[in-house]
Amino acid sequence: MPPISLSIGWRPVWQRNFLVWRKLALPSILGNLADPLIYLLGLGYGLGAMLPSVDGRPYVAFLAAGTVCASTMNSATFEALYSSFSRMHVQKTWDAILNTPLGLNDVVAGELFWAATKSLFSGAAILVVISAMGLTSGNLVLWALPAIVLTGLAFAALGLIWNALAPSYDFFMYYFTLFITPMTLISGVFFPTEQLPGWLAAIGGWLPLAQGVALVRPLLAGQFPDNALIHIGVLLATTAIAFAIALRLTRRRLLK
């Protein structure tokens, strides 16, 4: 098996995807904003009006940080699943690229970084909106952007694993039902994990979404995250391990 190595060869793949996306950039960003804003407005102001403050802040501000991370996760996941699968299996874009001097490492890495970029656009758009709504405080808000990138990379790499295994689009629903949705519920997006049973909170605390939330939520409140290096390390490790697995599975699939 060829060793896993990265070069700047992924940049043309990233650029190709960016140029295609740029034609529909505004509708894409607005589409990514719709779902998280519905949750933010409906739960944050509707349900939040009946709830006490969380850690001294209104519930809507607590939810806003979780919404940023959930939007980042969903954007990276959709791109790594549906869009990457289309380019690999339906449109045969990967086949065309692999007939150039670029290799499979470059293609998969390009998809990884492009999915992370899409998630940055989505997370940053939500960040702008909640800042305009006055749901952030302090001058550490911009430090949430690197945390968004790390979260996007982790979920892009995880999504590429499932992309390599999926025989069809329908297969992606298992990923959302069995992994993404449960993780969203136990990672501190909608409520503090202290409300969960201890064993479930412990599991949720090590999931990649919880790492992103643990970084972003304090930053939006104007505070430095506790154990930031641990959270960053978990996200980087998740990205590296998942990317290595995705690359090997993708190579095995394409060589069948």
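This one's a predicted model, so the numbers in the text were calculated from it and none came from an experiment. (Residues numbered from 1 in each chain as written. Predicted model: local features only at pLDDT ≥ 70, side-chain atom pairs only at ≥ 80, totals over all residues. Heavy atoms only, no water.)

A.B. asks: I'd like to hear about the overall build of the protein chain, residue by residue, with values.
C.D. replies: Each helix and strand in the protein chain was counted, giving 10 helices and 0 strands. Secondary structure elements of the protein chain, listed N to C terminal, follow the sequence α-α-α-α-α-α-α-α-α-α. Rg of the C-alpha trace for the protein chain: 18 Å, near the compact-globule value of 18 Å for 256 residues, within the 12% margin. Within the protein chain, the fraction of its 256 residues that count as buried is 50%. Put simply, of all contacts in the protein chain between residues at least 6 apart along the chain, 79% involve residues at least 24 apart. For the protein chain, the centre of its 14 positive side-chain charges and the centre of its 9 negative side-chain charges are spaced 11 Å apart. (Helix = DSSP H or I, 4+ residues; strand = E, 2+ residues; numbered from the N terminus. Rg over C-alpha atoms; globule rule 2.2 N^0.38 Å. Buried < 20%, exposed > 50% of the residue type's maximum accessible area, 1.4 Å probe, protein only. Contact = heavy atoms within 4.5 Å. Lys, Arg positive; Asp, Glu negative; His and termini not counted. Charge placed at Lys NZ, Arg CZ, Asp CG, Glu CD.)

A.B. asks: Kindly report on the environment of Arg 251, identifying the contributing residues and their values.
C.D. replies: You can see Arg 251 is positioned in helix α10 (residues 228–254). Judged by relative accessible area, which is 14%, Arg 251 ranks as buried. Once the C-alpha coordinates of Arg 251 and Val 60 are considered, the two residues, 191 residues apart in sequence, prove to be 45 Å apart. At a separation of 2.8 Å, a polar atom in the side chain of Arg 251 contacts the side chain of Asn 105. (Polar contact = N/O pair within 3.5 Å; in protein donor to acceptor, adjacent residues only side chain to side chain.)

A.B. asks: Describe the packing of helix α9 (residues 208–220) against α10, and please don't skip the residues or the numbers.
C.D. replies: Two elements in contact, α9 and α10, have axes whose closest approach is 9 Å; the angle formed by their N-to-C orientations is 145°. Considering only the axes of α9 and α10, their crossing is left-handed. For the pair α9 and α10, contact is made by Pro 208, Gln 211, Gly 212, Ala 214 and Leu 215 and by Ala 228, His 231, Ile 232, Val 234 and Leu 235, respectively. Its residues assigned to classes, the contact of α9 with α10 shows 7 nonpolar, 3 polar and no charged. (Axes fitted to C-alpha atoms, helices over the stretch in contact; angles between N-to-C directions. Left-handed = near helix turned anticlockwise from the far one by under 90°. Nonpolar A, V, L, I, M, F, W, Y, C, P; charged D, E, K, R; others polar.)

A.B. asks: Residue-level account of the pattern of salt bridges, with values.
C.D. replies: Counting across every chain of the model gives 3 salt bridges. The partner of Glu 79 in a salt bridge is Arg 87, and the shortest N-O contact between them spans 2.9 Å. A relative accessible area of 5% places Glu 79 in the buried class. Here Arg 87 falls in the buried class, since its relative accessible area comes to 8%. Glu 111 is the partner of Arg 87 in a salt bridge, and the nearest nitrogen-oxygen pair spans 2.7 Å. Of this pair, Arg 87 sits in helix α3 (residues 59–90) while Glu 111 sits in helix α5 (residues 104–132), and the two are 24 residues apart along the sequence. (Salt bridge = Lys/Arg side-chain N within 4 Å of Asp/Glu carboxyl O.)

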